[in-house]
Amino acid sequence: MTKRVVLIGHPVAHSLSGAMQQAAFDDKGIDAAYELWDRAPIALPDAIAEIRSEAFLGANVTIPHKERVVPLMDRLTDEAQATGAVNTITREGRRLIGHNTDVPGFAAALDQLVGRAKMPRQALVLGAGGGARAVVYGLIRVGFQRVVIFNRHLHRAEGLVKHFGRSAAHMDLKAMPWHPSIIESELAKTRILVNATSIGLTGDQSPLPGAVLAPELLVLDLIYNRTRLLRDAEAAGCTARDGETMLLHQGAAAFTLWTGQPAPLELMAGALAAARAGGLRSAEGEPAGDEPAATAAG
Ligand code: NDP
């Protein structure tokens, strides 16, 4: 019987994860189908209850459910526990295990962003949702000394800082109010800027005015598209990367968890590129419009 794997999010329309995972299942001769489930927060518990059945290999979880799904799991891996967020679920009998493969996904994206340069020690993170938790955890793990988090709702950034309190005891991890002049002055002290908000996901907006971006900055937008932020960063002379590498590597790690097999990384990368060229949209970063999508950075 064909096994089922589902992506649970809101929205999930035209997800690139489906193209990438289905190509990998087919390549490895695994009889499984990847489905997209658009579920509002109120429907999340029922969706989670449904995937306990034998018909399912597991699931991905995306915006806006990565934190909300945590208490619905029977067990969390160390990374899911440490981040307080789950993006991948596996099943052992009727028990559900919550994993966080955004963590290795972000590690790969950070390595690519920094390249051969020395790993910086200061970062500014915009956003405090499920994606931001994997980012902050990754920055702590590689030895960043100062990480400042800005979020529209300050209390959520404060909650994130509190969550990481013990693991960040040796460093300066701060939540600050989203105010343009404070962001600008903090940006002047940092080398890395990560956008982990969904600003730019469905419209052509940027979380920051382009004028505050200095050429020395390394800019990563988790959104899988050439957002306005990335276009402004390139225009300012910054090194700029989109969320493609993170999406690919979190997906490859999830594939291995569901199937026990190494992921066909190149094939998955090709399927992602083909899906993007075909104009599909990603649950992890919907193109802002025809023009930016067509010229999306790779
Ligand atoms: P969440 O729903 O958990 O968090 C959304 C974040 O965006 C919050 O910080 C929220 O702030 C902020 N936000 C949303 N709208 C606005 C707005 N209009 N103005 C200011 N802030 C806003 O989502 P995730 O953390 O799961 O995802 C965040 C982004 O990261 C998405 O675009 C997602 O596609 C991307 N992502 C990409 C990945 C990849 O593999 N490339 C992996 C993970 C995430 P507030 O708390 O104030 O509402």
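Everything below is about the structure shown above.
Residues numbered from 1 in each chain as written. Predicted model: local features only at pLDDT ≥ 70, side-chain atom pairs only at ≥ 80, totals over all residues. Heavy atoms only, no water.

Caption draft 1: Structural context of the packing of aromatic side chains. For the structure shown, the criterion picks out five aromatic pairs. Between Phe-25 and Trp-258, the ring centres sit 6.4 Å apart and the planes meet at 45°, which makes this aromatic pair tilted. Highlighted residues: Phe-25 in helix α1 (residues 16-27) and Trp-258 in helix α9 (residues 244-259), separated in sequence by 233 residues. Pair check on accessibility: Phe-25 and Trp-258 agree, each one buried. Here the aromatic rings of Tyr-137 and Phe-164 are separated by 6.4 Å at their centres, their planes lie at 25°, and the arrangement is stacked. Of this pair, Tyr-137 sits in helix α5 (residues 130-141) while Phe-164 sits in the loop between α6 (154-163) and β9 (172-177); the two residues are 27 residues apart in sequence, bridging distant segments of the chain. A relative accessible area of 15% means that Tyr-137 is categorised as buried. Across the ring face of Tyr-224, the terminal group of Arg-276 is positioned such that the distance to the ring centre comes to 4.4 Å. (Phe/Tyr/Trp six-rings, centres within 6.5 Å; stacked < 30°, edge-to-face > 60°. Helix = DSSP H or I, 4+ residues; strand = E, 2+ residues; numbered from the N terminus. Buried < 20%, exposed > 50% of the residue type's maximum accessible area, 1.4 Å probe, protein only. Lys NZ or Arg CZ within 6 Å of the ring centre and 35° of its normal.)

Caption draft 2: Up close: α5. Between its first and last C-alpha, α5 extends 17 Å over twelve residues, near the 16 Å set by a 1.5 Å rise per residue. Counting buried residues along α5, eleven of its twelve residues qualify, which places the element largely inside the surrounding structure. Looking at the residues trailing α5, positive phi occurs at Gly-143, about 95°. (Expected span 1.5 Å × (residues − 1).)

The values reported here are purely geometric and, on their own, carry no functional implication.
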